[in-house]
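# Topology and contacts: notes
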Amino acid sequence: MTQTHDGAVRPAQGAAAGIPVEEPAQPDRIRRPSDAIRFAASVVALAAVMLLVSIAQQTTHGLQTDIAQGTAHAPRPLLTLATLVSSFGVLAVPIAFAIERLFHKDGTRVAIALLAAMIAFGVTVGLDDLVVRAAPGGVLDSLIWGGTETAPVHTDIAPVIAFVSAVGMAGRARWQAATWTMIGLAALTGLTASYASVAALAATYLLGRAIGHGTLYAVGTPNPRPSGRTVAAALERLGLRPERAARLDGTGEAADGTRRYGVVLAAFPRDGAGARLPVERGPHGEWDVEVRVLDRDQQTAGLLYRVWRLLRLRGDTTGRTLRSLRRSLELESLMAYAVDAAGARTPRIVGTCEVGTEAALLAYGHVPGRRLGDVPREEVTDALLTDVWRQFRALQAGRLAHRRLEGGAVLVGDDGLAYLTDLRSGETAAGDLALRLDLAQLLTTLALRAGPERAVRTAASVLGEEALGGAVPLLQRVALSRATRTALRHDKELLTRIREQIVRLKPETEAAPAKLERFRPRTIVSIVALSVAAYIVIPQVTSLDIGHLAATASWHWVAAALGAAALTYVAAALMLMGFVPERLPLSRTVLVQLAASFVKLVAPAAVGGVAVNTRYLQRTGVRPTLAVASVGASQLVGMVIHILLLVLFGFLTGSTAKATQDLAPSRTIVLAVLGLGLLAGLALTVPRVRRVVASRLRAMFSGVVPRLVDVLQSPSKLATGMGGTLLLTLAFSLCLDASIRAFGGSLPWTTVVLVFLTANAVGSAAPTPGGLGAVEGALTLALTISGLTAETATSAVLLYRLLTLWLPVLPGWGAFAFLQRKEAL
């Protein structure tokens, strides 16, 4: 022990290293998320290089030529010296570093790096000796720039890069500079000697990085995390004297990837004036200090999810995606002091410090209690909820955003008071949107524990009704934390009930959802589908002579296709009218179907028409539940008839083919249909898929059976509905057949119907507006394998989609605007 001039007793340096710490044994090796992320990034970048050299061959060739001409004027002795130095140094420097690491007893890391180098050597030799000779040309020729006489990847450099990536030179600037200088000289030598191109060197670098980090993640890196005793010893630098400690988060990290320790102190720290720091010993011998450890290797945990949220959501709704260990320590410390200064109740921070180079710690005064998520429902009283809202009000007054107000972020102390914890994602000087998001998150968290009515009532008593109204537009699943969204799966109507409770208190509250998303996942699916369609259709369209096609097209068949396309709107109107017991005017119902063709461009094909028809029925006086049931009934009958017709015409197509001895195309179509049916059947054997499908169908067709019973009591209505369903299929098939014949093609009638039914099913399942991409691709492929030439099939599909999707857009917009003015939509 030593005594300072202020009279405080300080432990001797390292005195805490031998204190007892209860914790599970740490693994010898760990898999760091950062290695997986670097491996994935290297693979993606390597694929980008491959794509670049395949679409910009002239650019890469020109760049290589410029480099070769430039180096030709360099002094030959200088190039010779660079070659000699790099030939020796590219291996000597990594070997010297490996020996240095062995002296520091880091042999495991060196062994892993050697394994990565061996894998890289084997891969590069295989590429150079086997792949290029087996498949020269194209991308490989662009990559190697010089034909098969040179190598697509640099065999001498790739293993060294893999070794360096796996051995870990972070923090050793001199070794890094020497190693990468040698690698750079070796690359320059390859360029001047035309051994490899710039693209080949880029591919070599990315391949070596991918192999190095991939090996490191697969095998695992030696565990650099400090032990509990090391953490306890680091507390001495804060003036604390630990006596014993124990791990508080069990056998693994907490949900946020950190470790927590409870520590009992033998003596209390004092500040420079001799006053005791605010660490209170709890009753019954609880911990004096709770230590939160930030491990460097955990700073990238969940990075891909955070990047996804950053790209998907508006910038104001997301926090910082990636922080260094030092930055995380500083921000959490700042937030802890700011929350305390704002008057909100939170465990007081005692101090912070780094633990070596791989971790840092934050020491808090221990508050005995339970997390809100662990408190039984019967113990979540109104008094406790009110206290939580008071602490939240203090946060809001101080412009502090917590960003993670989940059940684990609210600590219910043994004294019955609420404490705000888990401040790692907090934000000071927060904007209005971040504060309102916090309100929406806490409302949902408390509603999950105590119900919407109590959560809203207690919030209103503290925050006021006006403040609650600002949270209504933000009560969306996308605005909430991942854990909360998972909890909402068991109560999907909770957010709706919270909104209803707020609106009851403040009826004039604006309930329109705020736009928090830059895009929805459905947008990505749409882009992919459109890209696939473009890949299929555009090469065929560019090979067409549009002027020649227009001059040679049979215009009487084009007119017939136009008439059939117009007939589809009458058929759709009859289909809807047949399943609505109430009387509907035919002309206006046809206009509604025309308006739905405009909505198709902004909604998936299976959704737009349903929404427009449901709105139309509600405007005509049909109650909302009955309107949904009527549209659901028509959709259900249409789906059943569609499946039956698909099976029937598949059988008829096969029979016709046997009669005409033209088996191949028809067999292909039938096999494709059977294959799709088999895949659907196999998918339904998975319980989770079966539950999802059942819930979707239940939601779509709830109340349909009673509505069908009403329709069955009127034979005329039933005939109208069934007739409209069959007429709709007939009209679309006639339009497709006429489009084929307009360009000189011809297929059996049964084949045309089967092709339409198959493409329509694909389009209905696709999440793209109007089935864009999916329908074009399915129709073109089906018509081609049915016997049409690619030119005729593409022309027919373009005409068919022009008449059924694009041409009705303008009149559909006019019908939509007219019906809105008449308040029919």
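Residues numbered from 1 in each chain as written. Predicted model: local features only at pLDDT ≥ 70, side-chain atom pairs only at ≥ 80, totals over all residues. Heavy atoms only, no water.

## With respect to the overall build of the chain
Rules: Secondary structure counts use DSSP, requiring at least four H or I residues in a row for a helix and at least two E residues in a row for a strand, with both numbered from the N terminus. Burial classification: accessible surface area is computed with a 1.4 Å probe over protein chains only, and a residue below 20% of its type maximum counts as buried, one above 50% as exposed, and the rest as partly exposed. What makes two residues a contact is simply this: any of their non-hydrogen atoms within 4.5 Å. The protein chains shown are the only cover counted for residues, whose accessible areas, like all others here, come from Shrake-Rupley with a 1.4 Å probe.
The helix and strand tally for the chain stands at 31 helices and 13 strands. Counting every position in the chain, which comprises 825 residues, the buried fraction comes to 45%. Of all intrachain contacts in the chain linking residues separated by at least 6 positions in sequence, the fraction that spans at least 24 positions is 78%. By element, 62% of the accessible surface of the chain is carried by carbon and sulfur atoms, the whole surface being about 39,800 Å².

## Quick word on the sheet that holds strand β13 (residues 418-420)
Which entries qualify depends on this criterion: Strands are labelled as partners when DSSP assigns at least two bridges between them. Working convention: axes come from line fits to C-alpha atoms, limited for helices to the stretch in contact. Angles between N-to-C directions cover 0 to 180 degrees.
The strand order across the open sheet formed by three strands is β11-β12-β13, and the pairing between neighbours is antiparallel. At either margin of the open sheet sits one strand with a lone partner, and together these are β11 (369-371) and β13. Each neighbouring strand pair of the sheet contributes to a mean axis angle of 30 degrees, computed without reference to strand direction. Here β11 pairs with strand β12 (residues 410-413) via three bridges, running antiparallel. Within β12, the position partnered with G369 by the bridge is G413. Its contacts with the sheet put helix α12 (residues 382-397) on β12 and β13, and the angle it makes with β13 is roughly 35 degrees.

## Observations concerning the packing of aromatic side chains
Selection rule: Side-chain rings of Phe, Tyr and Trp (the six-membered ring for Trp) are treated as a pair once their centres are within 6.5 Å; stacked means planes under 30 degrees apart, edge-to-face means over 60, and tilted covers the remaining angles.
By the definition in use, this model includes four aromatic pairs. Considering the side-chain rings of F732 and F756, the 5.4 Å spacing of their centres and the 15 degrees angle between planes classify their relative orientation as stacked. Of the two residues, F732 sits in helix α27 (residues 715-741) while F756 sits in helix α28 (residues 749-765), which places them 24 residues apart along the sequence. The burial state of F732 is the same as that of F756; both residues are buried.

## Details of the confidence of the model for the chain
Regions with low pLDDT carry predicted coordinates that are not meant to be interpreted in detail. The criterion, for reference: For every residue, the predictor reports its confidence as pLDDT, a number between 0 and 100.
Averaged over all residues, the pLDDT of the chain is 77; the fraction at 70 or higher stands at 70%. Throughout residues 1-15 the model reports pLDDT below 50, and contacts reaching past four residues in sequence, or to other chains, amount to 22 contacts. Confidence drops under pLDDT 50 across residues 280-285; counting only partners more than four residues distant or on other chains, this segment forms seven contacts.

## Brief notes about a nonpolar patch on the surface
Basically, it comes down to this: Exposure above 30% relative accessible area and the absence of a salt bridge qualify a residue for a patch, where like charges join within 9 Å and nonpolar side chains (Val, Leu, Ile, Met, Phe, Trp, Tyr) within 5 Å. Whenever Lys or Arg places a side-chain nitrogen within 4 Å of a carboxyl oxygen from Asp or Glu, that contact is recorded as a salt bridge.
A cluster of nonpolar side chains, L91, I95, I99 and F103, forms an exposed patch at the surface whose accessible area comes to about 450 Å². We classify I99 as partly exposed; its relative accessible area is 43%.

## Focus: the side chain of R292
What counts is decided by this rule: The term polar contact refers here to a pair of N or O atoms within 3.5 Å; inside protein, the definition further demands a hydrogen-donor-capable atom paired with an acceptor-capable atom, and it admits residues adjacent in sequence only when both atoms are side-chain atoms.
Relative to the helices and strands, R292 is located in strand β8 (residues 289-295). A polar contact of 2.8 Å, which involves the side chain of R292, links it to the side chain of E332.

## Things to note about the pairing of strand β10 (residues 359-365)
Counting buried positions over the seven residues of β10 gives seven, a clear majority of the element. Burial along β10 is two-sided: A359, L361, A363 and G365 and A360, L362 and Y364, pointing in opposite directions, are all buried. In this sheet, β10 lies alongside β8 in antiparallel orientation, the contact comprising seven bridges. Considered in β10, the bridge of V293 is made with L361. By the bridge criterion, six bridges tie strand β9 (residues 349-355) to β10 in an arrangement that is antiparallel. Bridge assignment links T352 to a residue of β10, and that residue is L362. What sits between the antiparallel neighbours β9 and β10 is a turn of three residues, in which G356 has the positive phi angle 70 degrees.

## Concerning the packing of helix α13 (residues 432-450) against helix α14 (residues 452-463)
To keep it simple, the criterion reads: These descriptions rest on fixed angle ranges, namely under 35 degrees for roughly parallel, over 145 for roughly antiparallel, 65 to 115 for roughly perpendicular, and the rest for oblique. Crossings are classed by handedness, with left-handed meaning an anticlockwise turn of the near helix from the far one by less than a right angle and right-handed meaning a clockwise turn. As a working rule, the residues Ala, Val, Leu, Ile, Met, Phe, Trp, Tyr, Cys and Pro are called nonpolar, Asp, Glu, Lys and Arg charged, and the rest polar, with Gly in that last group.
Viewed as axis vectors pointing N to C, α13 and α14 meet at an angle of 135 degrees, and their least axial separation amounts to 7 Å. In terms of orientation, α13 lies oblique with respect to α14. Between α13 and α14 lies a crossing whose hand is right-handed. Counted together, L439, L443, L446, A447 and A450 of α13 and P452, R454, A455, V456, A459 and L463 of α14 form the full contact between these two elements. Looking at the contact of α13 with α14, its residues break down into 10 nonpolar, no polar and one charged.

## Remarks on the pattern of salt bridges
Once their charged atoms are close, side chains differing in charge can pair, the charge on each being opposite to the other. In the structure shown here, the tally under the stated rule is 20 salt bridges. Of the charged contacts in the structure, one is a salt bridge between E379 and R370, with a shortest N-O distance of 2.7 Å. Judged by its relative accessible area of 39%, E379 is partly exposed. Two residues, E427 and R403, come together in a salt bridge whose shortest N-O distance is 2.7 Å. Taken together, the residues E427 in the loop between β13 and α13 and R403 in the loop between α12 and β12 connect sequence positions 24 residues apart.

## Some points on the nonpolar core
The criterion, for reference: By nonpolar core we mean a set of buried residues, namely Ala, Val, Leu, Ile, Met, Phe, Trp, Tyr and Cys, connected to one another through side-chain atoms within 4.5 Å.
Membership of the largest hydrophobic core comes to 58 residues, with the highest contact counts inside it found for W389, L443, L446, L468, I498 and I502. Where this core is concerned, the elements lending two or more residues are α11 (325-341), β10, α12, β12, β13, α13, α14 and α17 (494-505). Considering every element that reaches this core, the biggest residue donor is α13, with nine residues. Residue contacts for I502: discarding those within four places in its chain leaves L443, V456, L468, G469, V472 and L475. Listed in part, the 41 residues of the second largest apolar core include V558, C735, V752 and V775.

## Some details on the packing of helix α6 (residues 158-167) against helix α8 (residues 198-219)
Following both chains from N to C, one finds α6 and α8 inclined at 40 degrees, their axes separated by 7 Å at the closest point. For the element pair α6 / α8, the angle class is oblique. Of the two elements, α6 crosses α8, and the hand of that crossing is right-handed. Of the residues in α8, those in contact with A158, I161, A162, S165 and A166 of α6 are T204, Y205, G208, R209, I211, G212, H213 and L216. Of the residues assigned to the contact of α6 with α8, the class counts are seven nonpolar, five polar and one charged.

## Focus on the environment of R393
Positionally, R393 belongs in helix α12. Judged by relative accessible area, R393 falls into the partly exposed class, the value being 41%. Distance from R393 to A342, taken between C-alpha atoms, is 9.7 Å for residues 51 residues apart in sequence. In this view, R393 contacts V462 and L463; residues no more than four positions away in its chain are not counted.

## Description of the environment of R244
Residue placement: R244 occurs in strand β6 (residues 241-247). Separated by 20 residues in the primary sequence, R244 and V264 place their C-alpha atoms 5.4 Å from one another.

## Focus: unusual backbone geometry
Residues other than glycine predominantly adopt negative phi, and peptide bonds predominantly adopt the trans conformation. Unlike most non-glycine residues, R399 shows phi in positive territory, near 55 degrees. Structurally, R399 is set in the loop between α12 and β12. The class for R399 is partly exposed, based on a relative accessible area of 34%.

## Details of the environment of T357
Structurally, T357 is set in the loop between β9 and β10. On the accessibility criterion, T357 (57% relative accessible area) is exposed. C-alpha of T357 to C-alpha of D295: the two residues are 62 residues apart in sequence and 9.5 Å apart in space. Residues contacting T357, with those up to four places away along its chain left out, are R296 and L325.

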